[in-house]
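Residue strings, one per chain:
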Amino acid sequence: PPTPLLSPYTRNTSFQLLNKHLVEPAITTEIMPVSHMNMAMRTWLERLVPNASHASSVIRRKALSKNVDVILGALATKKATPVSLKELYRYGQVPSLRLHHAQFLHREVPIRVSQRVMELRCLPFRLSESHGVREVIDNYTSYVLDLLTMDPPSSEDEVDMFQRYMKYLLQDNTEVVQTMALGVIQAKRSISKEEIGDFRRLVDLVLVRFFTARIGLRFIIEQFVGSAEYKSGFSGVIESFCNPVHIAQRAAEDATQLCRQHKDIAPRVQFHTPTASFSDDMHFTYIPHHLHYMLTEILKNSMRATVEAHMHKLNGVGINTAAAALALPPIKVVFVAGNEDITIKVIDEGGGIPRSEIKAIWNFFHSSAEAPDSESKDGLHSSEEMGQWVNLIRDERQNGGGSSSGSNVLLPPSALAGYGVGLPLSRLFARYFGGDITLSSMEGFGTDAYLHIPRLGTNCEALPAPVQMYIISKEKNKKQKINQRNMYTLCL
């Protein structure tokens with residue numbers, strides 16, 4: 001693997017020269033300044049590879065690979081172009097804008113991916129050397145080289161070819177959450193008790209930035225790939241009249257199956273729309289699979305807490321009977337449509353959370369459930385993988401499979417709880433377009449979870465800031481020691 005550029009021991013003046021020649025396209029209300037973008041790419045490639053426009057892809061790839069550190073470092077300092085839901089919706093609806101969309105991705109994806117690579121390369125506590133993180137770095141680096149080897153799409157045929165690569169990139173990326181988490185767990189084994197507090201704070205900082213950017217990267221690619229096929233009521237993966245009540249009902253069914261798989265029972269879920277008709281007045285433009293993931297995570301946490309808090313009530317009652325489910329207090333889901341937000345409130349009587357632990361709930365890898373064995377690769381699953389499990393359950397349910405207590409599809413224990421990734425990841429999904437998830441708890445009784453979603457579609461993506469490059473010579477580093485925690489802060 002290439003030597004990390006972001007190291008206190010690295011000196012590379014060619015990076016500074018290259019960065020000077022990278023033209024920053026003007027950011028306007030339009031998300032795709034195509035003429036500026038293509039010229040910047042051509043100028044850059046010509047400086048790295050003489051006569052690049054006439055060189056074969058093999059020669060171009062070889063030259064780019066030799067300069068990979070310089071390329072990644074230069075791209076990482078560029079500012080990503082945040083887009084709004086409304087803008088992406090329009091570009092997914094108008095076929096004539098598809099070429100512009102592809103050209104935007106050709107420029108934007110290398111910038112966003114390079115930022116993640118450079119952040120991961122300079123992680124302290126030997127995190128960047130763990131197998132999981134190293135695998136993500138290598139895969140992301142190959143995506144950047146692939147895209148820079150390609151010319152920007154300029155015709156419909158080239159757009160189709162570019163779309164096939166974007167689809168491959170999406171499919172190749174489905175296990176990144178699991179891979180990153182296993183890398184963190186692997187690195188954690190070598191951390192001393194004195195350093196564990198710093199390690200946890202660092203992990204949260206890293207994963208918030210990494211997963212926020214990953215949500216955005218996957219979404220803009222999903223929108224481009226999805227817009228290739230017409231689907232009634234959709235622009236790409238954005239639904240024109242997204243109904244949160246219907247999505248919550250499906251999420252409740254999926255969370256119920258997950259809970260029954262591992263607890264043999266699940267509480268009932270009741271839905272209320274006090275300020276609107278049950279479904280007709282709740283429509284807004286949004287990404288349904290984001291909403292489904294967030295609601296599934298909130299509901300399965302509420303269900304697990306409710307079952308564990310009231311298990312004593314089931315003594316003498318068959319756990320798989322209808323009477324057992326009635327003995328558990330129901331979970332209530334309330335929907336309110338305001339002028340700016342759709343607010344969904346999930347109310348449970350699962351015993352609540354101590355006030356001292358409320359902040360820790362949002363930390364990655366914090367969980368009130370027993371964590372699965374970190375030696376095993378089974379257990380931690382991304383939203384995409386959880387979606388695959390949920391689809392298996394749903395297909396079996398529709399085909400008449402499974403018992404009354406749940407599906408025959410066996411899920412890993414942490415599909416319900418254990419690693420503490422689901423809730424903080426759900427909050428990142430909510431905040432991506434200006435929403436939020438908050439908790440209000442009464443210890444000894446239960447918890448209210450609030451999911452706020454902007455309904456106007458005008459908020460831009462909440463993306464991490466660009467990576468700040470600090471190149472420090474060997475001589476300077478001898479005089480000025482920089483410890484690993486401070487070095488990561490400098491890089492950000």
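Here the structure is shown first, and the text comes after it.
Conventions we followed
Residues numbered from 1 in each chain as written. Predicted model: local features only at pLDDT ≥ 70, side-chain atom pairs only at ≥ 80, totals over all residues. Heavy atoms only, no water. Helix = DSSP H or I, 4+ residues; strand = E, 2+ residues; numbered from the N terminus. Buried < 20%, exposed > 50% of the residue type's maximum accessible area, 1.4 Å probe, protein only. Contact = heavy atoms within 4.5 Å. Areas by Shrake-Rupley, 256 points an atom, 1.4 Å probe, with all protein chains shown as cover. Patch = residues over 30% accessible without salt bridge, like charges linked within 9 Å, V, L, I, M, F, W, Y side chains within 5 Å. Salt bridge = Lys/Arg side-chain N within 4 Å of Asp/Glu carboxyl O. Lys, Arg positive; Asp, Glu negative; His and termini not counted. Charge placed at Lys NZ, Arg CZ, Asp CG, Glu CD. Pairing = 2+ DSSP bridges. Axes fitted to C-alpha atoms, helices over the stretch in contact; angles between N-to-C directions. Phe/Tyr/Trp six-rings, centres within 6.5 Å; stacked < 30°, edge-to-face > 60°. Polar contact = N/O pair within 3.5 Å; in protein donor to acceptor, adjacent residues only side chain to side chain. Core = buried A, V, L, I, M, F, W, Y, C linked by side-chain atoms within 4.5 Å. Expected span 1.5 Å × (residues − 1).

Engineer: Is there a simple way to think about the overall build of the protein chain in this case?
Structural biologist: The helix and strand inventory of the protein chain stands at 17 helices and eight strands. In the protein chain, which comprises 492 residues, the proportion classed as buried is 54%. Here the contacts in the protein chain between residues at least 6 apart in sequence split such that 80% fall between residues at least 24 apart. Carbon and sulfur atoms make up 51% of the accessible area of the protein chain, which amounts to about 22400 Å² in all.

Engineer: In this structure, what is going on with a negative patch on the surface? I would like to understand it.
Structural biologist: On the surface, Glu156, Asp157, Glu158 and Asp160 cluster together into a patch of negative charge. Along the chain, Glu158 turns up in helix 8 (residues 156-172).

Engineer: Would you explain the sheet that holds strand 7 (residues 436-442) in this entry?
Structural biologist: Sheet strands pair by backbone hydrogen bonding; their relative direction is either parallel or antiparallel. Here five strands make up an open sheet; going across it, the order is 3-5-6-8-7 and the pairing mixed. Each having just a single partner strand, strand 3 (269-272) and strand 7 make up the two edges of the open sheet. Neighbour to neighbour, the strand axes of the sheet diverge by 15 degrees on average, direction disregarded. In this sheet, strand 6 (residues 341-348) lies alongside strand 5 (residues 331-337) in antiparallel orientation, the contact comprising six bridges. Directly across from Val334, in strand 6, lies its bridge partner Lys345. Docked against the sheet, helix 11 (residues 244-263) engages strand 3, strand 5 and strand 6, running at close to 175 degrees with respect to strand 3. The sheet strands contacting helix 15 (residues 422-431) are strand 7 and strand 8 (446-454), and the helix crosses strand 7 at an angle near 135 degrees.

Engineer: Any chance you could explain the packing of aromatic side chains here in plain terms?
Structural biologist: For the structure on display, the rule yields 13 aromatic pairs. Their ring planes at 45 degrees and their centres at 5.6 Å tell us that Tyr165 and Tyr168 sit as a pair that is tilted. Of this pair, Tyr165 and Tyr168 both sit in helix 8, three residues apart, which is roughly one turn of the helix. Owing to a relative accessible area of 11%, Tyr165 belongs among the buried residues under this scheme.

Engineer: What's the story with the side chain of Asp146 in this structure? I'm lost.
Structural biologist: If you trace the backbone, Asp146 turns up in helix 7 (residues 131-149). Among the polar contacts listed, one links the side chain of Asp146 to the side chain of Tyr165, at a separation of 2.8 Å. In this structure Asp146 touches Arg61 and Tyr165, once residues within four positions along its chain are discounted.

Engineer: What am I meant to see in the nonpolar core here?
Structural biologist: In globular proteins that are soluble, nonpolar side chains generally tend to be buried together. If you look at the biggest cluster of nonpolar residues, it comprises 106 residues, and the most contacted ones within it are Met166 and Leu291. Counting residues per element, this core draws most heavily on helix 10 (residues 196-226), at 14 residues. Dropping the residues within four chain positions of it, Leu291 is found in contact with Cys242, Pro244, Ile247, Tyr286, Ile344, Leu451 and Ile453.

Engineer: How should I be thinking about the sheet that holds strand 1 (residues 234-235) in this particular structure?
Structural biologist: The strand order across the open sheet formed by three strands is 1-2-4, and the pairing between neighbours is antiparallel. Strands with a single pairing partner mark the edges of an open sheet, and in this sheet they are strand 1 and strand 4 (284-286). Here strand 1 pairs with strand 2 (residues 238-242) via two bridges, running antiparallel. When the bridges of strand 2 are listed, Phe234 appears paired with Glu239.

Engineer: Help me out: how do you make sense of the pattern of salt bridges in this one?
Structural biologist: Opposite charge on two side chains lets them pair, provided their charged atoms get close. Applying the stated criterion to the full structure yields 15 salt bridges. Notably, a salt bridge pairs Glu119 with Arg116, separated by 3.2 Å at the nearest N-O pair. Of this pair, Glu119 and Arg116 both sit in helix 6 (residues 98-121), three residues apart, which is roughly one turn of the helix. A residue is classified by how much of its surface remains accessible, and Glu119, at 3% relative accessible area, is buried. A single network of salt bridges, built from pairs that share partners, joins Arg107, Glu108 and Arg112.

Engineer: Sorry, what's going on with the pairing of strand 5 here?
Structural biologist: The side chains of a regular strand alternate between the sheet's two faces. Two elements, strand 3 and strand 5, share four bridges in a ladder whose sense is parallel. Residue pairing across strands places Gln270 opposite Lys332, the latter belonging to strand 5. What sits between strand 5 and strand 6 in their antiparallel hairpin is a turn of three residues.

Engineer: Teacher, can you tell me more about unusual backbone geometry here?
Structural biologist: Leave glycine aside and you will find that most residues have negative phi; peptide bonds, for their part, are mostly trans. Positive phi outside glycine occurs at Arg126, with the angle close to 60 degrees. Among the secondary structure elements, Arg126 is positioned in the loop between helix 6 and helix 7. For Asp264, which is not a glycine, the phi torsion comes out positive at approximately 70 degrees. Mapped onto the fold, Asp264 is located in the loop between helix 11 and strand 3.

Engineer: Mind showing me how you'd approach the environment of Asn139 here?
Structural biologist: Within the fold, Asn139 resides in helix 7. Residue classification places Asn139 among the partly exposed positions, given a relative accessible area of 29%. The spacing of Asn139 and Val113 is 26 residues in sequence and 10.0 Å in space, taken between C-alpha atoms.

Engineer: What's the story with the side chain of Thr174 in this structure? I'm lost.
Structural biologist: Structurally, Thr174 can be placed in the loop between helix 8 and helix 9 (176-188). Only 3.4 Å separates the side chain of Thr174 from the backbone oxygen of Gln171, close enough to count as a polar contact.

Engineer: In this structure, what is going on with helix 11? I would like to understand it.
Structural biologist: An α-helix turns once per 3.6 residues; consequently, residues spaced three or four apart project the same way. For helix 11, built from 20 residues, the straight-helix expectation of 28 Å at 1.5 Å per residue is met to within 8% by its first-to-last C-alpha distance of 27 Å. Its side-chain oxygen 2.9 Å from the backbone nitrogen of Val245, Asn243 forms the N-cap of helix 11. With its phi angle positive at about 70 degrees, Asp264 sits one or two positions after the end of helix 11.

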